[in-house]
Amino acid sequence: MSLKYISTRGGKELNSIEAIVKGISENGGLYIPTEIPRIDKEIYELKDYDYRELAKYIIGKFFPDFTEEELKNCVEGAYDSKFNDEKIVPIVSKDNANFLELYHGATLAFKDMALSILPYFITTSLKKLNQKEKLVILTATSGDTGKAALEGFKDVEGTEIIVFYPESGVSQIQERQMITQEGNNTHVVGIEGNFDDAQNGVKEAFNNESFKKELKEKGYLLSSANSINIGRLVPQVVYYVYGYINLLKEGRIQEGEKINIVVPTGNFGNILAGYYAKLMGIPIDKLITASNENNVLYDFFSTGIYDRNRELKLTISPSMDILISSNLERLLYKICGDNPNKVKELMGELSEKGRYEIDSEIRENLNDFYGNFSTEEEIEYTIKEVYEKYDYVIDTHTAVAYNVYQKYLKDTGDDKKTLIASTASPFKFTRSVAKALGINVEGKTDFELVYELSDKTGLEIPKNIYKIEDKKIIHKNKCKKDEMKDIIRELLNE
């Protein structure tokens, strides 16, 4: 029987292409496979697969409704020369820590790994479903998803893409990447608020039946490029499998040897993909969740209490400045014994009270995870430490991961080989990285600091942001957080 998808909050089963196009369920739940498919080859058989071959194999397990030819077109269209490293995901090893560099795509962040292929999934799915409406991709971003989604969907036939970002919550480089985005179907809106406000506004648009009906009458159908879309999550599973088999190929681990993975996480999608890789059969032991000072996930793993009733802090790792970790709902479904009613109850509490608590029995199912967090001072120190020790430059989010990895070693003494998700180029967060490395940042723009960082470290400036400060600003839309539906109407009526 073909693999089906169901909402974390219950309801009818869909096939994979229906789940991809819908993005989010009518009841507000997230689509998940009714079972996690297993890898049915020996690991050594996968050792000689390149990234594209592995992607076809792993994604095919989750999305059996695509033909082999359709999947081949999706994968080869996504992972091509837009990636500036032929391996797609190179691994840089420093002692027992192995940095999985996920930022060699068009926008210099790990989001490219999934958002390069999502447009192919969606357009292929629309054709298979004979969908007549134009698809409106609605996305909230804390900095990286937005640009990657815009780049992926620009000029894709039958789609419009609207990205909302918090005006004061992204770096200068991130903002400039978005507001200079070309493409006849691209729209970017800065909101007065934080990422959670943007994400809540997008979810509210999806959950507002009269708004969706109004758009449908005008020939539009809403879908999402956020990691709430299962088409975003599944491609991320691939790089953890790829990381494992490459450590094996390089002789850094033996077949069957367990590894740990560390992921800097805000919305929980990236580490959830690692968990899915483990459930598929990859020998992963601990999944180490690394948070910044918005440490709602650390508190959850430490106490079983998820509480977003706190002030959101704007940090030097802004892509993790999140208090509502949407993808945690998918994990809840699993640890609650695939019980949609329990998930619905917990999500209801989160919506009404801003918090929920899981009981001790459910908490026992979190043993695969370890959580910790890094302060701003620790992030800066870690960037400097890694550079001085290894002559290797990491961004602020990867520094959170490496710092938490060090804390995990100290807490447990568990020195297994470890994959660290390196989620962004240091050039995306130039000011913070430059400051940590002792470069004087006073009175200088992020754009000027790009060149100084390159001079100090010898790193080549990625072509994607070279002279980005000279690019023409195309998108100047702004709105308040309660005006998001109004501006969606305006943009679609242009």
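Every chain begins its residue count from 1, and numbering advances along the sequence as written. Given that the model is predicted, a residue must reach a pLDDT of at least 70 before its local features are reported, and side-chain atom pairs must reach 80 or more before they are shown or counted; all residues, however, enter totals for whole chains, interfaces and linings. Here the side-chain values reflect all heavy atoms present in the structure, with hydrogen atoms and water set aside.

Chemist: Which parts of the structure should I look at to understand the overall build of the protein chain?
Modeler: Secondary structure elements are defined from DSSP: runs of H or I of at least 4 residues count as helices, runs of E of at least 2 residues count as strands, and each element is numbered from the N terminus. Across its full length, the protein chain carries 21 helices and 15 strands. As a reference, a globule follows 2.2 Å times the number of residues to the power 0.38, and the radius of gyration itself is taken over C-alpha atoms. Since a compact globule built from 494 residues should have a radius of gyration of about 23 Å, the 21 Å found for the protein chain is in line with a globular shape. Overall, the C-alpha framework of the protein chain stretches about 60 × 50 × 50 Å when taken along its three principal axes. Burial classes follow relative accessibility: with a 1.4 Å probe on protein chains only, a residue under 20% of its type's maximum area counts as buried, one over 50% as exposed, and anything between as partly exposed. Going through the 494 residues of the protein chain one by one, you find that 62% of them count as buried. The contacts of the protein chain with a sequence gap of at least 6 include a subset with a gap of at least 24, amounting to 75%. Per-residue and other accessible areas were derived by the Shrake-Rupley procedure at a 1.4 Å probe size, with only the shown protein chains allowed to occlude residues. Counting only carbon and sulfur atoms, one obtains 43% of the accessible surface of the protein chain, whose full area is about 18,900 Å². A positive count includes Lys and Arg, and a negative count includes Asp and Glu. His and the chain ends are not counted in either. In plain terms, the charge of a residue is placed at NZ if it is Lys, CZ if Arg, CG if Asp and CD if Glu. Between the mean site of the 64 positive side-chain charges and the mean site of the 80 negative ones, the protein chain shows a separation of 2 Å. Contacts are assigned to residue pairs that have any heavy atoms within 4.5 Å of one another.

Chemist: Would you explain the environment of Ile358 in this entry?
Modeler: Its location among the elements puts Ile358 in the loop between β12 (355–357) and α16 (360–363). A C-alpha to C-alpha distance of 38 Å links Ile358 and Val92, two positions 266 residues apart in sequence. Ignoring any residue separated from it by four or fewer positions in sequence, one finds Ile358 in contact with Phe300, Gly304, Leu332, Ile335, Leu346, Arg363 and Leu366.

Chemist: I tried to follow the nonpolar core on my own but got confused; where do I start?
Modeler: A general feature of soluble globular proteins is that nonpolar side chains tend to end up buried together. To define a nonpolar core, start from buried Ala, Val, Leu, Ile, Met, Phe, Trp, Tyr and Cys residues and group those joined through side-chain atoms within 4.5 Å. In this structure, Ile58, Phe62, Phe63, Tyr79, Phe121, Leu331 and Tyr356 are the most contacted members of the largest nonpolar core, which totals 108 residues. At 13 residues, helix α11 (residues 230–249) tops the list of elements feeding residues into this core. Contacts of Ile58, omitting those with residues within four sequence positions, involve Ile39, Val237, Val238, Val241 and Met280. Core analysis: the second largest hydrophobic core is formed by 41 residues, Tyr103, Ile316, Tyr387 and Ala434 among them.

Chemist: Help me understand the packing of helix α3 (residues 51–62) against α11 in this model?
Modeler: Helices that pack against each other are described as a pair by the angle of their axes relative to one another and the distance between those axes. Every angle, taken between N-to-C directions, lies between 0 and 180 degrees, and every axis is a line fitted to C-alpha atoms, over only the stretch in contact when it is a helix. For the pair α3 and α11, interaxial distance at closest approach is 9 Å and the crossing angle is 130 degrees. Classified by the angle between their axes, α3 and α11 sit oblique to one another. Along this stretch, α3 crosses α11, giving a crossing that reads as right-handed. Between α3 and α11, the contacting residues are Tyr51, Leu54, Ala55, Ile58, Ile59 and Phe62 on the first element and Val234, Pro235, Val237, Val238, Tyr239, Val241, Tyr242 and Ile245 on the second. Under the convention adopted here, Pro, Cys and the residues Ala, Val, Leu, Ile, Met, Phe, Trp and Tyr are nonpolar, Asp, Glu, Lys and Arg are charged, and Gly plus all remaining residues are polar. Of the residues that constitute the contact of α3 with α11, the class distribution is 14 nonpolar, no polar and no charged. Here the angle decides the label: under 35 degrees means roughly parallel, over 145 means roughly antiparallel, 65 to 115 means roughly perpendicular, and every other value means oblique. Whether a crossing is left-handed or right-handed is set by the direction in which the near helix is turned from the far one by less than a right angle, anticlockwise for left-handed and clockwise for right-handed.

Chemist: Mind showing me how you'd approach the sheet that holds strand β10 (residues 284–291) here?
Modeler: Pairing between sheet strands relies on hydrogen bonds along the backbone, with the strands arranged either parallel or antiparallel. Taken together, six strands build an open sheet; the order of strands is β3-β4-β14-β9-β10-β13 and the sheet is mixed. The open sheet has two free edges, formed respectively by β3 (91–94) and β13 (369–373), since each of these has just one partner strand. The average undirected angle you get between the axes of adjacent strands in this sheet is 25 degrees. Here the rule is simple: two strands pair whenever DSSP picks up at least two bridges between them. Where strand β4 (residues 97–101) and strand β14 (residues 418–422) come together, five bridges link them in parallel fashion.

Chemist: In this structure, what is going on with empty space enclosed by the protein? I would like to understand it.
Modeler: Space inside and on the surface of the protein is sampled on a 1 Å grid over the protein atoms alone, with a cavity defined as a set of points where a 1.4 Å probe fits but cannot get out and a pocket as an open set with protein on both sides within 12 Å along at least 5 of 7 lines; lining residues have an atom within 4 Å of a point. Grid points are joined across faces, edges and corners, and a volume is the space filled by probe spheres set on the points. All chains considered together, the criterion is met by two cavities of 30 Å³ or more. Approximately 270 Å³ is the volume attributed to the largest cavity. Taken together, 25 residues form the lining of the largest cavity, with Phe110, Lys111, Gly266, Asn267 and Ser319 sitting closest to its centre. Of all the secondary-structure elements, those providing two or more residues to the lining of the largest cavity are α7 (144–153), α11 and α12 (269–280). When the residues that make up the lining of the largest cavity are grouped by side-chain class, the tally is eight nonpolar, 14 polar and three charged. The volume enclosed by the second largest cavity comes to roughly 80 Å³. Taken together, Ile32, Pro33, Thr34, Glu35, Ile36, Tyr276, Arg330, Tyr333, Lys334 and Asp338 form the lining of the second largest cavity. Mapped by element, the contributors of at least two residues to the lining of the second largest cavity are β2 (31–33) and α14 (328–335).

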